[in-house]
Every structure is written in C-alpha cells, then in structure tokens.
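Commentary on secondary and tertiary structure
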Amino acid sequence: MIIIGLTGGIASGKSTTAAMFRELDIPVHDADAAVHEMMAPEGAAVEKVVEAFGSQVLAQDGSIDRQRLGGEVFAAPDRRKTLESIIHPLVATSRDSFLAASRKDGAPLIVLDIPLLFETGGEAFCDFVILCSVDGDIQKRRALLRNGMTEAKLDAILQSQMPLAIKRAKADAVIETDHGTDAARQALLAILNGPVRRLRETKTADRRDA
C-alpha cells in the first residue's frame, strides 16, 4: 500500500485536492475532519479541552466552540502547545485505525490529508508527499473569506506553520492551485500517473524479489 501525504497551508487548495482523490476512489483520512468529530458533542477531545481551557470554550450543544478556542490559542504559543498535546495523539489514533482498515481492505493507494504534516513529523508515515501551494496574496484573500477569520488570526496561523519554502523543499511534488481547479486536477493526474505510479511499480518489484 502506498501512503501519500497531502499537505498545504490555510486556503491553499488542499481540501479541493483531497476531494479530487475521493473522486478517483482513493481513500482519504482527513485530519481536520477527525478533529471536528473529536470536538463535537461527546467527542473524544471535549472533556480534556474543557479541563485545559475552561468552560468558556464549551458551546450550548456540548461541543467545543472552535472560534472561542481559536481565540484562546492562536496568539499564545504555550496554550497552542497544550491544545496540540491533547489533539495530536487523538488524531494519531484515528489515523492508525484508518491505515489498519485500509490495509485490511487491500487498498493499493491511500491519502493522509494533514495540514501540519511536516510540523508534526507526519511525513515519516508517508511514501510520497504532495504539497498544495498558492500565491500569498491569493491565499490571504481566500482565507479572509472564511467565517470568523481576521487578519490578526490569519497572521497567527501563518506564523505557527513552517515556511512555505521549507515545505516545498521537503515535498516530493507540488500542486500550484493559483490557476484553477482544472489545472490542479491535471497536475494531480500527472503526479499519480508519473512518480507515484513508478513508486508503486518499484514497491511491487521489491516484493517480488524479496
């Protein structure tokens, strides 16, 4: 099984690219979606987050109010690390369950969609990493359209992430998302039919020779 890591900064087109993988019937584990589930009513992270940050981050329905929580952590590195110490192990458990199920199902190719892939060392689990990249001005415009986003919050998010130049150097392939969905889809297909296919062929040959 080939494990592709998919990553990118905020508003980089990563979610759109993940949807393209799903359209190709390639299973995707979405780390952000896993976090949303953990912070929903009775979610695995709710009790621990409330213990760490107080009842003010709890919404009326018993979920974690992500906007309030964001206000608590994004401008405070120590509090952000506290949140990460709660969330990252839970996401890792979700990821491992997904990987085990995918292997059991015989999936030849799967995707780990992880925004902070390099920041958390997640590339160690991947055979190939694709970075979604976008021009900074376009990224800012896209991000500021999101509900509850402000320039100050966006700056704090960007400062918490690894510089794009370093991510580009670490990635095996880059999809530039500045040029629209069709161009990004063609870029993805070229990657899957090029280096990823060659990687799969090499792995298959290695197994035969073992």
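Examining the overall build of the protein
Looking only at helices and strands, the protein features nine helices and five strands. Its helices and strands taken in sequence order, the protein reads β-α-β-α-α-α-α-β-β-α-α-α-β-α from the N to the C terminus. In terms of overall size, the protein behaves like a compact globule, its C-alpha atoms giving a radius of gyration of 18 Å where 210 residues would be expected to give roughly 17 Å. With the C-alpha coordinates of the protein rotated into their principal frame, the extents come out at 55 × 40 × 30 Å.

Some words on the environment of Pro 108
Looking at where Pro 108 falls in the secondary structure, it is placed in the loop between α5 (77-105) and β3 (109-113). Exposure remark for Pro 108: the relative accessible area of 47% places this residue in the partly exposed category. Pro 108 sits 82 residues away from Ile 26 along the chain, and the two C-alpha atoms are 8.7 Å apart.

Looking at the packing of aromatic side chains
Following the criterion strictly, the structure yields zero aromatic pairs and no others. The side chain of Arg 95 reaches across the aromatic face of Phe 125, ending 3.7 Å from its centre.

A closer look at the pairing of strand β1 (residues 2-8)
Most of β1 is tucked away, with seven of its seven residues classed as buried. Residue alternation in β1 divides its side chains into two sets, Ile 2, Ile 4, Leu 6 and Gly 8 and Ile 3, Gly 5 and Thr 7, and both sets are buried. Where β1 lies against β3, five bridges are found, and the strand directions are parallel. The residue of β3 that forms the bridge with Gly 5 is Leu 112. Where β1 and strand β4 (residues 128-133) come together, five bridges link them in parallel fashion. Following the sheet pairing, Leu 6 is matched in β4 by Ile 130.

Topic: the environment of Thr 150
Position of Thr 150 among the secondary structure elements: in the loop between α6 (136-144) and α7 (151-159). Note on Thr 150: relative accessible area 40%, which makes it partly exposed. A polar atom in the side chain of Thr 150 sits 3.1 Å from the backbone nitrogen of Lys 153.

Comments concerning the nonpolar core
Across soluble globular proteins, nonpolar side chains show a tendency to be buried alongside one another. Ranked by internal contacts, the top residues of the largest apolar core, which has 31 residues, are Met 39, Val 49, Leu 69, Leu 83, Ile 87 and Leu 112. Listing elements by their share of this core, those giving two or more residues are α2 (31-38), α3 (46-53), α4 (66-73), α5, β3 and β4. When residues of this core are assigned to their parent elements, the largest contribution, seven residues, is made by α5. Not counting residues within four places of it along the chain, the set of residues in contact with Leu 69 comprises Met 39, Val 49, Phe 53, Val 57, Ile 64 and Leu 83.

Details of the state of the cysteines
Taken as a whole and judged by the stated rule, the model has zero disulfides. Cys 126 takes part in no disulfide bond, and the closest cysteine sulfur to it belongs to Cys 132, at a distance of 13 Å.

A word on the packing of α3 against α5
Where α3 contacts α5, the axes come no closer than 10 Å and their chain directions differ by 160°. Considering their axes alone, α3 and α5 lie roughly antiparallel with respect to each other. For the pair α3 and α5, the sense of crossing is right-handed. Packed against α3, whose contacting residues are Lys 48, Val 49, Ala 52 and Phe 53, the element α5 presents Arg 79, Thr 82, Leu 83 and Ile 86 at the interface. Residue composition of the contact of α3 with α5, by class: five nonpolar, one polar and two charged.

Considering the pattern of salt bridges
Per the stated rule, a full pass over the model turns up ten salt bridges. We note a salt bridge from Arg 68 to Asp 65, for which the minimum N-O separation is 3.2 Å. Accessibility expressed as a relative area gives 46% for Arg 68, which makes it partly exposed. Of the charged contacts, one joins Glu 176 and Arg 168 as a salt bridge, the two residues approaching to 2.8 Å between their closest N and O atoms. Given a relative accessible area of 29%, Glu 176 falls into the partly exposed group. Judged by its relative accessible area of 36%, Arg 168 is partly exposed. Here the residues in one salt-bridge network are Glu 23, Asp 182 and Arg 185, joined through shared partners.

Criteria and thresholds
- Residues numbered from 1 in each chain as written.
- Predicted model: local features only at pLDDT ≥ 70, side-chain atom pairs only at ≥ 80, totals over all residues.
- Heavy atoms only, no water.
- Helix = DSSP H or I, 4+ residues; strand = E, 2+ residues; numbered from the N terminus.
- Rg over C-alpha atoms; globule rule 2.2 N^0.38 Å.
- Buried < 20%, exposed > 50% of the residue type's maximum accessible area, 1.4 Å probe, protein only.
- Phe/Tyr/Trp six-rings, centres within 6.5 Å; stacked < 30°, edge-to-face > 60°.
- Lys NZ or Arg CZ within 6 Å of the ring centre and 35° of its normal.
- Pairing = 2+ DSSP bridges.
- Polar contact = N/O pair within 3.5 Å; in protein donor to acceptor, adjacent residues only side chain to side chain.
- Core = buried A, V, L, I, M, F, W, Y, C linked by side-chain atoms within 4.5 Å.
- Contact = heavy atoms within 4.5 Å.
- Disulfide = S-S within 2.5 Å.
- Axes fitted to C-alpha atoms, helices over the stretch in contact; angles between N-to-C directions.
- Parallel < 35°, antiparallel > 145°, perpendicular 65-115°, else oblique.
- Left-handed = near helix turned anticlockwise from the far one by under 90°.
- Nonpolar A, V, L, I, M, F, W, Y, C, P; charged D, E, K, R; others polar.
- Salt bridge = Lys/Arg side-chain N within 4 Å of Asp/Glu carboxyl O.

Honestly, it's all geometry; don't read function into it.
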